[in-house]
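# Observations on chain architecture
The chain contents come next:
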Amino acid sequence: MRTRCCCFCICVFMCAVMLNKVCLQVTVEGKVGGSAVLPCSSIDNGLKNEDITVYWRHNSSQNVYDIIEGKGSVEKQDPAYKNRAETFPKEYMKGNFSLKLNNLQYNDAGKYICYITKAHQNPSTQLFVKDRGNHGAATRAERIASFLIVLHTLQYI
Ligand SMILES: *[C@@H]1O[C@H](CO)[C@@H](O)[C@H](O)[C@H]1NC(C)=O
Ligand SMILES: *[C@@H]1O[C@H](CO)[C@@H](O)[C@H](O)[C@H]1NC(C)=O
């Protein structure tokens, strides 16, 4: 009985940790050399091109990407993101201004803000960039958590 309770407690704790990571904060993880999609959506859809002006900024100041009146622009882009940032023009009309960063570097970590000028919304995402070798740690914790969930479920069968 006590072990079952203990297992349950650990399980609840692990789930809470995982949910917190996934739900309460928008966080994205990537590996050095890999890529990551940073989400940004507007609740308005059926936007007209002239309404679509969105600025992607990193650590509040660096220009990562601009979408000006429905067109992607890298004119004022910080050289650090040259040829590494892309958005999805076919998705603009749906209010999806997600940004894909390729060939991730450690310096890419931090806070990304997507300023949607017309919508007065500024969704932000926290990006974590991990060493390739480090990645095992997080997945191991997740594996243990799913094992505990399975274990807990099995006790009731
Ligand atoms: C936005 O577009 C990207 C790229 O196609 C896709 O990965 C993402 O799921 C889309 N987001 C939403 C909310 O539709
Ligand atoms: C942005 O901020 C993060 C976290 O504070 C930091 O790790 C990263 O190096 C910064 N990057 C740049 C380019 O300022």
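Below is a short write-up of the structure. (Residues numbered from 1 in each chain as written. Chains lettered and ligands numbered in written order. Predicted model: local features only at pLDDT ≥ 70, side-chain atom pairs only at ≥ 80, totals over all residues.)

Along the chain, Lys 31 turns up in strand 1 (residues 27–31). Linking Lys 31 and Leu 104, residues 73 residues apart in sequence, is a C-alpha distance of 6.6 Å. (Helix = DSSP H or I, 4+ residues; strand = E, 2+ residues; numbered from the N terminus.)

Right, let's talk about the sheet that holds strand 1 for a bit. Ordered in space as 1-9-8-3-4-5, the six strands form an open sheet in which the pairing is mixed. Each edge of the sheet is formed by a strand with only one pairing partner; in this case those strands are strand 1 and strand 5 (71–73). Here the strands of the sheet are splayed against their neighbours by 20° on average, with no regard to which way each runs. Here strand 1 pairs with strand 9 (residues 124–130) via five bridges, running parallel. If you follow Thr 27 over to strand 9, its bridge partner there is Gln 126. (Pairing = 2+ DSSP bridges. Axes fitted to C-alpha atoms, helices over the stretch in contact; angles between N-to-C directions.)

Residues in close proximity to ligand 1 include Val 37, Ser 41, Phe 88, Glu 91, Asn 96 and Ser 98, which together make up its full environment. Here the shell around ligand 1 is composed, by residue class, of two nonpolar, three polar and one charged. (Near = placed C-beta within 6 Å. Nonpolar A, V, L, I, M, F, W, Y, C, P; charged D, E, K, R; others polar.)

Bringing the site of ligand 2 into the picture now. Near ligand 2 the following residues occur: Asn 59, Asn 107, Ala 109 and Gly 110. Looking at the shell around ligand 2, its residues break down into one nonpolar, three polar and no charged.

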